[in-house]
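Chain by chain, the residues:
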Amino acid sequence: MRAGARDAAAAVVAALAGGVLGPDHSPDVPARVLATFDRLASRRDRDQLLGVLRLLDTHAGALSLTGRAVPVSSLPPERAEEVMQRWRGSRLPLQRRVFGALSAAILNANYGWPGPAWERMGYPGPLGGAPEAPRRLDPIAVTGDEELVCDAVVVGSGAGGGTVAAELARAGLDVVVLEKGGYRNEADFHHREGDAYADLYLYGLTLATTDLGCRILAGSTLGGGTVVNYTTSFKTPAFVLAEWAKVSGVDAFVNGELDASLDAVCERLGVNLDSSAPGMRDQLMERGLEKLGWHCEPLPRDVRGCAQDASCGWCGFGCRLGAKQSTMRTYLEDAAGRGARILVGVDVRRVMINDARAIGVEGRVNGHRLRVRAKAVVAAGGAIETPALLLRSGLTGQVGRDLHLHAGTGAFGVFDDQVRFWEGTTQARYSTEPRERLGEYGPILETVPVHPGSGSGAIAWTSAAEHRALMDRFGYLSLCATLTRDTTRGRVRIDRDGNPRVAYRLNDADEHSLGTGLAMCGEVLAAAGATEVFSLHPERHTFRPGGAGAHQAWAESIRRSGFRGGRVTLFSFHQMSSCRIGVDPGRSVVGSDHETHQVKNLYVADASLFPTASGVNPMISVMGLAHRAGGRIAARLA
């Protein structure tokens, strides 16, 4: 964008920020919002948003979009607030989308960095500085066009990529690992929320479904999601494995083969139940569950030497202690120790294919062309990026279909005493009580650390004063969340530039499941002592515990409001099933040996493989499948 056009867009954002935030907000908000838009995966979305901003600074554009022939950049805060309120309740999808994108970006830009808001809410920001820590990996620097040759090239370095790379290297193969993100270790984990999203998350945490109904969180750094996840380490439940075998026709799910890989992964990561000391957030959830007589257990975690103290709440921005056993600390070190070469900052654009056989990959790094020629290509970029890569490379059929997101939401409870729900062990307790009621596709209940940048966008905005008042009490909130084992089948497509677009619309069964889970979240928070409970709906449905029928009326109101198409704030921490494994090419993308049905020597080793949603945090399931894939691919190459 030309400097003048960017200045005009920034002036509009500045005026709208006054309407969203009221007085006393950071002057850096406009620049941060525009930087956020720069990270959007879709150029079309980016150009549309920036085009709207420029239009709003003209008399005609302002008249058509706001009803006033006054450039928005000249509006005082009270008039800008009215514009945002009008867009929020508009019947026009474009205006609602503009409101959703702008309000979320403005709130994060204000609350995700130090400023007066942090002081008002008592949020301390990062606890201390990052430690001095040696770099344990040494990625290859690319300074010009480069061509490499190897036995196997692995695209992605997270739960799937890191694990399969280690297993291939252990078999004596020459391995190259390509990571889209950068390399940051413990010394680089500054724990500044807004900057961490840009540094460590896919598309700077701007990715969402096309209707903006669900925000998608995925890691994009060396080690992938294992660097930023919450260390929850469930093995794949037996009932899920049985279903996967039935759906896919792959016996490995039930004949003990995958179980052996799951055990090997858990041993390598040091998965244990002795590192789940609950912080106040988990204590409150546990208290509510126990008072209701509902199931509650400690979570297994992949940590060694975890402090389990207040600072752990920042581990979604990287673990400074090195206690989190990410692939950066485990499998990638194993692979590098056996000669694997690692490159970061690589945007792999296509798989090179000759006569229906993969012969390598091609991409860009630091502005230079990179080609890696290999006997085997392993796609392990996650359930969004892997299908996008395969689609760019000409694969068709089932690629990108059947996407599951574990779409989740939650309820906030307001407590009399400070909770500081950004602190404490990332995740320490969970409950399967909803699954006991609804069956194998019922949700589970968990809680996660909530920091003000993301938290401000989850709290419904209706006016500057009301939202600010809630944020000033941010330290007195706690969260109970419901994670749905979804049956909705989304789809990953690519735009004209080859970048991913995610279509996903909840079906009736998943809406019912979310409604039940969210109603139970409200009960848990009320039993834990909350004085007020509210959902993440734009209407911010609220009830005060103790009133006759208050919870039942609240539960009915959230069901009436619904959960589709932006009717509530949904989050996806787990994406899966977009390149399913199976014996039937009409229902899957890869065969039982992880090789794609359409292209020989092209394999998949990430959450894309899942035949259905895992129903639990999927990291161990991914790593188990990648461990198995490594053995299968190595045997083929041998």
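Look a little higher up for the structure.
What you are looking at is a predicted structure, and each value in this text was computed from that prediction instead of being measured.

**Q** Describe the sheet that holds strand β17 (residues 500-503), with residues and values.
**A** The strand order across the open sheet formed by 3 strands is β11-β16-β17, and the pairing between neighbours is antiparallel. At either end of the open sheet lies a strand with only one pairing partner, and these are β11 (401-403) and β17. Taken over all neighbouring pairs, the strand axes of this sheet differ in orientation by 45° on average, direction set aside. Of the strand pairs in this sheet, strand β16 (residues 490-494) and β17 are connected by 4 bridges, and their pairing is antiparallel. Each residue of the ladder has a partner; that of R493, found in β17, is R501.

**Q** Give a description of the packing of helix α12 (residues 257-269) against helix α21 (residues 619-637) that names residues and reports values.
**A** Helix-helix packing: each pair is described by the crossing angle between the helix axes and the interaxial distance. With their axes 8 Å apart at the nearest point, α12 and α21 run at an angle of 110° to one another. Taken together, the axis directions place α12 and α21 in an arrangement best described as roughly perpendicular. Crossing hand, α12 versus α21: right-handed. Across from E257, L258, S261, L262, A264, V265, C266 and L269 in α12, the residues of α21 making contact are M619, I620, S621, M623, G624, L625, H627, R628 and R632. By residue class, the composition of the contact of α12 with α21 is 10 nonpolar, 4 polar and 3 charged.

**Q** Run through helix α11 (residues 238-248), naming residues and quoting values.
**A** For α11, the full list of buried residues reads V240, L241, E243, W244, A245 and S248. As for α11, its buried residues are in contact with α12 and α21. Phi for G249, located one or two positions after α11, is positive at around 80°.

**Q** Report on the environment of E433, specifying residues and quantitative values.
**A** Checked against the element boundaries, E433 lands in helix α16 (residues 433-438). Taking the relative accessible area as the measure of exposure, E433 reaches 15% and is therefore buried. Measuring from C-alpha to C-alpha, the distance between E433 and G293 comes to 9.7 Å, with 140 residues separating the pair along the chain. Setting aside anything within four residues of it in sequence, one finds E433 in contact with W294, H295 and M520.

**Q** An account of unusual backbone geometry is needed here, citing residue identities and associated values.
**A** Leave glycine aside and you will find that most residues have negative phi; peptide bonds, for their part, are mostly trans. Non-glycine residue L205 carries a positive phi angle of around 65°. With respect to the helices and strands, L205 occurs in the loop between α9 (193-200) and β3 (214-216). For L205, a relative accessible area of 25% gives the class partly exposed. Despite not being glycine, A356 has its phi angle at roughly 60°, a positive value.

**Q** An account of the packing of aromatic side chains is needed here, citing residue identities and associated values.
**A** Under the defined criterion, the tally for this structure stands at 15 aromatic pairs. Taking 5.9 Å as the distance between ring centres and 50° as the angle between the ring planes, the aromatic pair formed by F99 and W461 counts as tilted. Of this pair, F99 sits in helix α6 (residues 93-111) while W461 sits in the loop between α17 (452-458) and α18 (464-472), and the two are 362 residues apart along the sequence. For the pair F99 and W461, one class covers both residues: buried. Counting every residue linked through ring pairs, the aromatic cluster contains W118, Y123, W314, F412, F421, W422, F474 and F534. Positioned above the aromatic ring of Y183 is the side chain of R135, whose terminal nitrogen or guanidinium carbon lies 4.6 Å from the ring centre. One residue, R473, lies across the ring of Y476, its end atom 4.7 Å from the ring centre.

**Q** Requested: an account of the packing of helix α13 (residues 280-292) against helix α19 (residues 508-528), with residues and values cited.
**A** Where α13 contacts α19, the axes come no closer than 7 Å and their chain directions differ by 95°. When the axis of α13 is compared with that of α19, the two are roughly perpendicular. Counting all contacts with α13, which are made through L284, M285, R287, G288, L289, K291 and L292, the residues of α19 involved are E523, V524, A527 and A528. When the residues that make up the contact of α13 with α19 are grouped by side-chain class, the tally is 7 nonpolar, 1 polar and 3 charged.

**Q** Please give an account of the side chain of S578 that cites residues and values.
**A** One can find S578 in the loop between β20 (570-572) and β21 (602-604). Here S578 is in contact with A383, P387, Q398, V399, G400, R401, L403, V589 and S608, once residues within four sequence places are set aside.

**Q** Pulling in residues and values, what's your account of the pairing of strand β2 (residues 175-179)?
**A** With respect to burial, β2 is a largely interior element, 5 of its 5 residues being buried. In this sheet, β2 lies alongside strand β1 (residues 146-155) in parallel orientation, the contact comprising 4 bridges. Paired with A152 across the strands is V175, a residue of β2. Handedness of the crossover joining β1 and β2 through helix α8 (residues 159-170) is recorded here as right-handed. The pairing of β2 with strand β7 (residues 341-344) spans 4 bridges and is classified as parallel.

Analysis parameters
Residues numbered from 1 in each chain as written. Predicted model: local features only at pLDDT ≥ 70, side-chain atom pairs only at ≥ 80, totals over all residues. Heavy atoms only, no water. Pairing = 2+ DSSP bridges. Helix = DSSP H or I, 4+ residues; strand = E, 2+ residues; numbered from the N terminus. Axes fitted to C-alpha atoms, helices over the stretch in contact; angles between N-to-C directions. Parallel < 35°, antiparallel > 145°, perpendicular 65-115°, else oblique. Left-handed = near helix turned anticlockwise from the far one by under 90°. Contact = heavy atoms within 4.5 Å. Nonpolar A, V, L, I, M, F, W, Y, C, P; charged D, E, K, R; others polar. Buried < 20%, exposed > 50% of the residue type's maximum accessible area, 1.4 Å probe, protein only. Phe/Tyr/Trp six-rings, centres within 6.5 Å; stacked < 30°, edge-to-face > 60°. Lys NZ or Arg CZ within 6 Å of the ring centre and 35° of its normal. Right-handed = clockwise from strand over helix to strand, strands pointing away.

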